[in-house]
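# An overview of the molecular structure
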Amino acid sequence: MSEVHELAIIGGGPAGYTAAIYAIRGGVDFVFFADGVAGGQIATTATLENYTGVPGPISGMEFSARLTEQAAGLGIEVEQAHIEKLEDQGRFFLLTNDYEEVHRARVVILATGAHYRPFPLEGAERFAGRGLSYCATCDGNFFREAEVAVVGGGDTALEGALYLARICRTVHLVHRRTEFRGVPILQRRVKAAKNITLHLPYVPEKIQGSDGVEGLEIKNVETGKVETLAVTGVFCALGLVPNSELVKGLCKLDPGGYVVVNERMFTSHPRLLAAGDVTASPLRQVAVAVGQGAVAAESARCWLDENCALPGEEGE
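Rules used in this analysis
- Residues numbered from 1 in each chain as written.
- Predicted model: local features only at pLDDT ≥ 70, side-chain atom pairs only at ≥ 80, totals over all residues.
- Heavy atoms only, no water.
- Helix = DSSP H or I, 4+ residues; strand = E, 2+ residues; numbered from the N terminus.
- Contact = heavy atoms within 4.5 Å.
- Pairing = 2+ DSSP bridges.
- Axes fitted to C-alpha atoms, helices over the stretch in contact; angles between N-to-C directions.
- Salt bridge = Lys/Arg side-chain N within 4 Å of Asp/Glu carboxyl O.
- Buried < 20%, exposed > 50% of the residue type's maximum accessible area, 1.4 Å probe, protein only.
- Left-handed = near helix turned anticlockwise from the far one by under 90°.
- Nonpolar A, V, L, I, M, F, W, Y, C, P; charged D, E, K, R; others polar.
- Core = buried A, V, L, I, M, F, W, Y, C linked by side-chain atoms within 4.5 Å.
- Disulfide = S-S within 2.5 Å.

### Focus: the environment of His-5
The topology assignment puts His-5 in strand 1 (residues 4-10). Residues His-5 and Val-28, spaced 23 residues apart in sequence, show a C-alpha to C-alpha distance of 8.9 Å. Non-local contacts of His-5, meaning those with residues more than four positions away in its chain, are made with Asp-29, Phe-30, Val-31, Arg-104, Ala-105 and Arg-106.

What follows is the structure, given as structure tokens:
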């Protein structure tokens, strides 16, 4: 059986990396699980331009590289493994990864983020990787000079449409409401772009094609009018789903599945904290995730000090 760490941090986005930075600076004995690219979703973002102290814009991959460099410089060890099971054993948690290795920790910070909401059309999954994408910056280059559609009305959809407008001939932006939900500056940029065509209020009805996307059928929610967009690429940007499966049954979740936390980032479980996009926060941005990660790590350290937790106790 492995030693009992004081703290385990699960998730390699800005919240998880910040928690690790504060934990190592605070002298906490911890294990850090961060499978995948450093930064999580932010690594796939075209530009980061609203993070204080980082004059931009910089690319998401550059931000990811900086996270990796900073962590290495501080001596933070990253366990490249996915935690598949989290169990409360009373005095500590058991964490089982995808290699069937088991780790133990007294306190856990969940910073697993969220993932893109799947495209809702029946049969759409067969077009994944064949014209249907969930990441404009990842796959946009495959559609250079092509005609594409973006479905959604939040920041992700607007950012994706603007990115694609730089490299695609025409971008059709499809949203089920008459107004967008994204921030005003992005809305202004989208409406000013000459090669972005707005389809409001429309919903996707069917992806057309055989071996790949050949068109997108859309319907006006007010009139019922059906149109077909002659696109070869469809980018889904319908929001996020929290990666909170690990803690279902361990702590309180809101109706959307996001983890409910207090001002110190504690969940309803006394030894479980959460930070970043997995939490029930009114704003999901890098700045928020970083702040929550810092608070979570400091709160965990204080809890450990107050409860006299000792790392690596033998005989447990």
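### Thoughts on the sheet that holds strand 8 (residues 132-133)
Pairing between the strands of a sheet comes from backbone hydrogen bonds, and it takes one of two forms, parallel or antiparallel. Ordered in space as 8-15-9-10-11, the 5 strands form an open sheet in which the pairing is parallel. The open sheet is flanked by strand 8 and strand 11 (196-199), the only strands paired with a single partner. The pairing of strand 9 (residues 147-151) with strand 10 (residues 170-174) spans 5 bridges and is parallel. Directly across from Val-151, in strand 10, lies its bridge partner Val-174. Each of strand 9, strand 10, strand 11 and strand 15 (233-236) is contacted by helix 4 (residues 155-165), which is oriented at about 170° to strand 10, the strand it contacts most.

### Examining the pattern of salt bridges
Tallied over the entire structure, the rule returns 8 salt bridges. With a shortest N-O distance of 3.0 Å, Arg-189 and Glu-49 are connected by a salt bridge. Within this pair, whereas Arg-189 is found in helix 5 (residues 184-192), its partner Glu-49 is found in the loop between strand 2 (30-33) and helix 2 (60-73), the two being separated by 140 residues in sequence. A salt bridge links Glu-298 to Arg-301, with the nearest nitrogen and oxygen atoms 2.5 Å apart. Within this pair, Glu-298 and its partner Arg-301 are both found in helix 6 (residues 286-306), separated by 3 residues, close to a single helical turn. Residue classification places Glu-298 among the partly exposed residues on the basis of a relative accessible area of 35%. Each of Glu-298, Arg-301 and Asp-305 takes part in one network of salt bridges that share partners.

### A look at the packing of helix 4 against helix 5
Axis separation between helix 4 and helix 5 bottoms out at 10 Å; the angle between their running directions is 35°. Judged by the twist between their axes, the crossing of helix 4 over helix 5 is left-handed. Every residue of helix 5 that contacts helix 4 at Asp-155, Leu-158, Glu-159 and Leu-162 is listed here: Leu-186, Gln-187, Arg-189 and Val-190. In terms of residue class, the contact of helix 4 with helix 5 is built from 4 nonpolar, 1 polar and 3 charged.

### Points about the nonpolar core
Counting residues in each nonpolar core, the largest one holds 36 residues, and the members touching the most others are Leu-7, Ile-9, Phe-30, Phe-32, Ile-109 and Leu-273. Taken together, the elements giving at least two residues each to this core come down to strand 1, helix 1 (14-25), strand 2, helix 2, strand 6 (102-110) and helix 6. With 8 residues, the single largest contributor to this core is helix 6. When residues no more than four places from it in sequence are discounted, the contact partners of Phe-32 are Ile-9, Gly-11, Gly-12, Gly-16, Tyr-17, Ala-20, Ile-76, Glu-77, Val-78 and Glu-79.

### Describing the state of the cysteines
Taken as a whole and assessed by the stated rule, the structure comprises 0 disulfides. Left without a disulfide partner, Cys-168 is nearest to the cysteine sulfur of Cys-135, which lies 13 Å away. Note on Cys-168: relative accessible area 5%, which makes it buried.

### Quick word on the side chain of Asn-220
Secondary-structure assignment places Asn-220 in strand 13 (residues 213-220). Not counting the four nearest positions on each side in its chain, Asn-220 is found in contact with Pro-201, Tyr-202 and Lys-225.

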